[in-house]
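Chains, contacts and geometry: an overview
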Amino acid sequence: MSSSSRIAAQTYAQRAAKHANPAAKALLETIERKQSNLCVSVDVTDRDEFLDIIDTVGPYACLIKTHVDIIEHFDLSLIERLQELSSAHDFLIFEDRKFADIGNTVALQYSSGVHKIASWSHITNAHPVPGPSIISGLASVGKPLGRGLLLLAEMSTKGSLATGSYTEEAVNMARAHRDFVIGFIAQRRMEAVGTSTDTNNDEDFLILSPGVGLDSKGDAMGQQYRTPKEVVTESGCDVIIVGRGIYGKGGNIDVQSVQKQAERYRNEGWAAYQARIR
Ligand code: S5P
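Below is a short write-up of the structure. (Residues numbered from 1 in each chain as written. Predicted model: local features only at pLDDT ≥ 70, side-chain atom pairs only at ≥ 80, totals over all residues. Heavy atoms only, no water.)

Focus on the sheet that holds strand E5 (residues 148-152)
Within a sheet, adjacent strands bond to each other through the backbone by hydrogen bonds, running parallel or antiparallel. Pairing is parallel in the closed barrel, where 8 strands are placed in the order E1-E2-E3-E4-E5-E6-E7-E8. On average, each strand axis in the sheet is inclined to that of its neighbour by 25 degrees, with strand direction left out of account. As judged from the 3 bridges shared by strand E3 (residues 92-99) and strand E4 (residues 123-126), these two strands associate in the parallel manner. Across the sheet, phenylalanine 99 pairs through a bridge with alanine 126, a residue of E4. Helix H3 (residues 47-57) contacts strand E1 (38-42) and strand E2 (63-66) of the sheet and is inclined by roughly 165 degrees relative to E1. (Pairing = 2+ DSSP bridges. Helix = DSSP H or I, 4+ residues; strand = E, 2+ residues; numbered from the N terminus. Axes fitted to C-alpha atoms, helices over the stretch in contact; angles between N-to-C directions. Contact = heavy atoms within 4.5 Å.)

Description of the site of the ligand
Contacts to the ligand come from 15 residues, most closely from Asp43, Lys65, Ser156, Tyr225 and Arg244. A distance of 3.3 Å separates an oxygen atom of the ligand from a polar atom in the side chain of lysine 98. At a separation of 3.0 Å, an oxygen atom of the ligand approaches a polar backbone atom of glycine 243. Its residues assigned to classes, the shell around the ligand comprises 5 nonpolar, 5 polar and 5 charged. (Near = heavy atom within 4 Å. Polar contact = N/O pair within 3.5 Å; in protein donor to acceptor, adjacent residues only side chain to side chain. Nonpolar A, V, L, I, M, F, W, Y, C, P; charged D, E, K, R; others polar.)

Encoded structure:
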């Protein structure tokens, strides 16, 4: 099983102490400090609901994942509020932008426009489909700010094309840019994938895994769910990404139930990690 890998056997604290990228280091430290490997994905369109959910789940999460382009009436005051919540509840921010264009274009999309993602999002992600130039484009903006990038090496959806040699090449691309690429959106550990260049035994990619649910196996649009135990203990992933499993359908959220679910996923994710390093 891949979770027997060198990295999967280490604690988050041990990995934080050695990680050179500031965003990865901060995430690992936050995970350890809060004893939470839970990233909550907040995919709602209403500003107030977005902030209410984050205020409720913030204490249980190491990371809040956003899709800011789905929020109605977006302006930068929303980001100011998000940053206040990030400080108050001690979590990092991950804008799930899934960049996928040429280097020059993604650099502009990352730095500019309505959202100015690089100015506030500690972590973002990109599809490896354009090749290594997408990493250099994003790094030209994000590296000076101490940001980190995740590559989508695999996806959680039925029929995903991100498999086999595509996944291998994604991992090889990341290996050539370890100062900025901090890991992968994937369903399992990636140490054994592609061509290893880890001559100093210091490669440490974070694996953030979406498609996590305790009460459902999927949705009607191709999403597939696994449990925290399958994701963290059995597949060796580092962070569980949970959205609707915590806040349901959205629209008039029940704060108590959202809080209860966030606590439940946090506990399950942490227990699954403890079982892995034992
Ligand atoms: O392969 C993927 C990659 C991502 S980033 N599958 C995913 O589901 N995601 C994202 O994770 C997706 O965009 C959504 O924001 C979240 C999963 O939400 P849930 O409500 O199904 O838990």
